[in-house]
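Examining the three-dimensional arrangement
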Amino acid sequence: MNKAVKDIYYFQDRREGFDKLFFSLLKKYQRYGAEVNGKVVLKNLSSKEKECISSFFGDDFRRNKTISITFRKMEETLKDREFNIGDIKTLLELYYDQPISTHKQQETEERNKYLSFLNKVKSISKHTYFGWYVESVEKKKDGYRRFLKLYNESPQVLNEYLVTIAKAVELLPLQKDMRLPFFSSKITGNPHAFDTNQEIGKLFVDVIKIVFVKTDKKAFEYETRAERIQELLLSVGIQKDDITNYVSFSGLRINIGSVEESILYEAGNRIGKTFLEPLREVMKFSRVRSIWDNNVIFVVEGSGIFSTIVDDVYEKIGGVPPLICTMGQFRVSAIKLLNLLVNEGYTIYYAGDHDPEGILMAQQLYNRFGDSIKPWGYTKKNYQTTSSTNTIGVEELALLKNVMHPSLLEVKGLLEKTHVPCYQEDFTHMLVEDIVLIYVP
């Protein structure tokens, strides 16, 4: 039997007396290594522990409240007692029967393993999109946090995900739009493989986001993560949800493909019809214009406000206004429609509630479309119509710090002063008057 292994039995047979000492030595070594001045201080020792430590070192520690043991003293005592164990590291490895290393050594080893894994990932695909993703992860930018999380959970599983994603990326951007379940099935045989509530689906979206940014596309600020994902996937030709993602509008002339003007929408406009269209249909629009001879389009976010304005304006001018309802927070369908109108040179007037959410939505549209967006109805006169008894908390008001558009500052200041919101229902009649004045001099 190896003499060092035999000698360690001295301590292992007396674990009750030495465990606390060895544990302290282990923690000190892991933190600092085998420093000459390394020292542990033991407190609250039992009589058994004091007796064993006293017996080994040949000193009487039985009356001590604390006992200080240096690495040097430990190694010198091992030598004096002719133990065949030369240093602290060997002593600890024999006692715990496993390799011992410092935290710094462990970190270096883990870092080297990670870098080796990352280098292998680079070889998975030479596609530009995949390369952009790996580069972003390597620089600890977009995608890095999820990559690291999955790596820490299982490098093998992460590698499998990335191999699958690389196959998907090889097909992007798609020449013809495809719905997400069919795309997933084509790549993996499982229509739910890239569902965005699955880890591989989230990882796939991370890759697309990096591609989106790299290709200089301007991301939009959606309230919900689902809408952000929808736009990202559409940017490479993948449709996530083209039915329940919808927008309402009136007074718009629609071209579909090469057709001059869709007969369906033309007939509807003649009888004052409003339309509720899913993204599936909006994606077919090739051109959108107002039925009126001016360059103004109006946008509201509430369905009740939309219907009231359509009814009241129709009664006063004999036709429906060019009006869009975003149905609450901006959906991809609404953004696609607005993008077509902005490309035609229209000025978009957006009206929302006089609360942090409504003001932020107006600012977000401006951030996306620039001077084509004009905040509408954000005036002191409209704000003073409020009948609300609600109050806005300080945390919610803090969301307004990034609101900078000059037309929003007056109402922003009133909200910060009063903490009372004003909702569109109180000044809808004023919005109607604004529209009517344009069409009835």
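Residues numbered from 1 in each chain as written. Predicted model: local features only at pLDDT ≥ 70, side-chain atom pairs only at ≥ 80, totals over all residues. Heavy atoms only, no water.

Some remarks on the packing of helix H17 (residues 356–369) against helix H20 (residues 406–418)
The following threshold applies: The convention used is that axes are lines fitted to C-alpha atoms, helices contributing only their stretch in contact, and that angles between N-to-C directions extend from 0 to 180 degrees. Counting from the N terminus, the helices are DSSP H or I runs at least four residues long and the strands are E runs at least two residues long. Here the word oblique covers every angle except those under 35 degrees (roughly parallel), over 145 (roughly antiparallel) and from 65 to 115 (roughly perpendicular). Crossing handedness follows the turn of the near helix against the far one: under a right angle anticlockwise gives a left-handed crossing, and clockwise gives a right-handed one. Pairs of residues are marked as contacts when any of their non-hydrogen atoms sit within 4.5 Å. For this classification, Asp, Glu, Lys and Arg are treated as charged, while Ala, Val, Leu, Ile, Met, Phe, Trp, Tyr, Cys and Pro are nonpolar and the rest, including Gly, are polar.
One way to put it is that H17 packs onto H20 with a least axis distance of 11 Å and a crossing angle of 160°. Taken together, the axes of H17 and H20 lie roughly antiparallel to each other. The handedness of the crossing between H17 and H20 comes out as left-handed. For the pair H17 and H20, contact is made by Pro356, Ile359, Ala362 and Gln363 and by Leu408, Val411, Lys412 and Leu415, respectively. Each residue belonging to the contact of H17 with H20 can be placed in one class, and the counts come to six nonpolar, one polar and one charged.

Considering the pattern of salt bridges
Quick note on the threshold: We count a salt bridge whenever a side-chain nitrogen from Lys or Arg sits within 4 Å of a carboxyl oxygen from Asp or Glu. Relative accessibility decides the category of a residue: with a 1.4 Å probe and only protein chains considered, values under 20% of the type maximum give buried, values over 50% give exposed, and everything between is partly exposed.
Under the criterion given, the structure shown has 19 salt bridges. Linking Glu135 and Lys214 is a salt bridge whose minimum nitrogen-to-oxygen distance equals 3.7 Å. Of this pair, Glu135 sits in helix H7 (residues 128–138) while Lys214 is found in helix H11 (residues 199–214), placing the two residues 79 residues apart along the sequence. By relative accessible area, which is 30% here, Glu135 ends up partly exposed. Residue class for Lys214 comes out partly exposed when judged on its relative accessible area of 41%. In this structure, Glu199 engages Lys149 in a salt bridge whose closest nitrogen and oxygen atoms are separated by 3.3 Å. Linking Glu199 in helix H11 with Lys149 in helix H8 (residues 144–153), this pair joins segments that are 50 residues apart in sequence. One salt-bridge network, held together by shared partners, links Glu109, Glu110 and Lys113.

Regarding the sheet that holds strand E10 (residues 323–325)
The following threshold applies: In short, DSSP must find at least two bridges between two strands for them to pair.
Spatially, six strands are ordered E7-E5-E10-E9-E11-E12 in an open sheet, and the strand pairing comes out mixed. Looking at which strands have only one partner, the edges of the open sheet turn out to be strand E7 (275–278) and strand E12 (373–375). Pairwise comparison of adjacent strand axes, ignoring direction, gives a mean angle of 25° for this sheet. For strand E5 (residues 246–250) and E10, the ladder comprises three bridges, and the chain directions are antiparallel. For Phe249, the partnering residue across the bridge sits in E10 and is Ile324. Along the sheet, helix H15 (residues 303–317) contacts E5, strand E9 (296–300) and E10; its crossing angle with E10, the most-contacted strand, is approximately 160°.

Some words on helix H9 (residues 155–169)
Convention followed: The length a helix should cover is 1.5 Å for every residue beyond the first.
The terminal C-alpha atoms of H9, which comprises 15 residues, lie 20 Å apart, in line with the 21 Å expected from a rise of 1.5 Å per residue. Considered for burial, the residues of H9 that qualify are Leu158, Leu162, Thr164, Ile165, Ala166, Ala168 and Val169. Looking at the buried side of H9, the elements it contacts are helix H6 (103–122), H7, H8, helix H10 (180–188) and H11.

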